[in-house]
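Residues per chain, in single letters:
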Amino acid sequence: MALPRLSKKITLVKKSTSEIKQADATGRARTIQVEVRKKRTFVKREDGSDVPAEEVQAELAAAPQAPVVDDAELIRREEEASRHAELLRRQEEELTEKRRLREEQDAKEAAREQERQAAEKAPRPPPKRLRPQRRPQRRPNPSPKKPKRLSGPKPLK
C-alpha cells in the first residue's frame, strides 16, 4: 500500500475588496471597487518549523560561494587598482592647482578693489581753472588797398 505524499509547501491566498471614490474629468465622483489579492507560500522544513518561501530563497541566495579567482585575474585587478589610484592622485593635484590659481586670482582682485576704494576715499585736489582761450585779434591784411576816389568822372573800361 502506497503512502500518500505530504506536500512541503502551503500557499495561502487572501483577498480583500474596498471602494475608492474618485472624481472624473467632469468633476463627478465615481465609486471604484478595488480588489487586492495577497499570496503567501510557506515551506515545511526538516526541523519542523514553518518558514515563508521568500525567506528560504533569501537564505539560499545568501549562502557564501567560494570565489574562483586565478592569478591572472588577481594581477589584472591589482593593475587596475594602481591605475585608479594614479588617476585619483592626478585629479587631486589638478584640483589643488586650480584652487591655488583661484586663490591667487581672488587675492589680486581683492587688492585691486582695495586700491580702487582707497583712490575713492583719498582727497582729490581741486580741479584747475582753465582760462578761456583768447581769440587772436584780426590783423589788417597786408595787401594794399586802392584809395577811393571822391569825385570825378568814372574811367572807361
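The residue numbering used here restarts from 1 in each chain and proceeds along that chain's sequence as written. Reporting of local features is limited, given that this is a predicted model, to residues whose pLDDT is at least 70; pairs of side-chain atoms are given and counted only at 80 or more, and all residues count toward the totals for whole chains, interfaces and linings. Excluded from the side-chain calculation are hydrogens and water; included are all heavy atoms of the structure.

### Considering the pattern of salt bridges
Item 1. A carboxyl oxygen of Asp or Glu within 4 Å of a side-chain nitrogen of Lys or Arg is what we treat as a salt bridge. Scanning the model with the defined rule gives 12 salt bridges in all.
Item 2. Of the charged contacts, one joins Arg77 and Glu73 as a salt bridge, the two residues approaching to 3.2 Å between their closest N and O atoms. Taken as a pair, Arg77 and Glu73 lie in helix 2 (residues 71–121) at a separation of four residues, close to a single helical turn.
Item 3. On the basis of relative accessible area, Arg77 is assigned to the partly exposed category, the value being 46%.
Item 4. One salt bridge in this structure joins Glu97 and Arg100, with 2.4 Å as the shortest N-O distance. With Glu97 and Arg100 both in helix 2 and three residues apart, this pair spans about one turn of that helix.
Item 5. Accessibility here uses a 1.4 Å probe with only protein chains present; expressed as a share of the type maximum, an area under 20% marks a residue as buried, one over 50% as exposed, and anything in between as partly exposed. Accessibility expressed as a relative area gives 37% for Arg100, which makes it partly exposed.
Item 6. Salt bridges here are not isolated pairs; linked through shared partners, they connect Glu73, Arg76, Arg77 and Glu80. Under the scheme used here, helices are H or I runs from DSSP no shorter than 4 residues and strands are E runs no shorter than 2 residues, and both carry numbers assigned from the N terminus.

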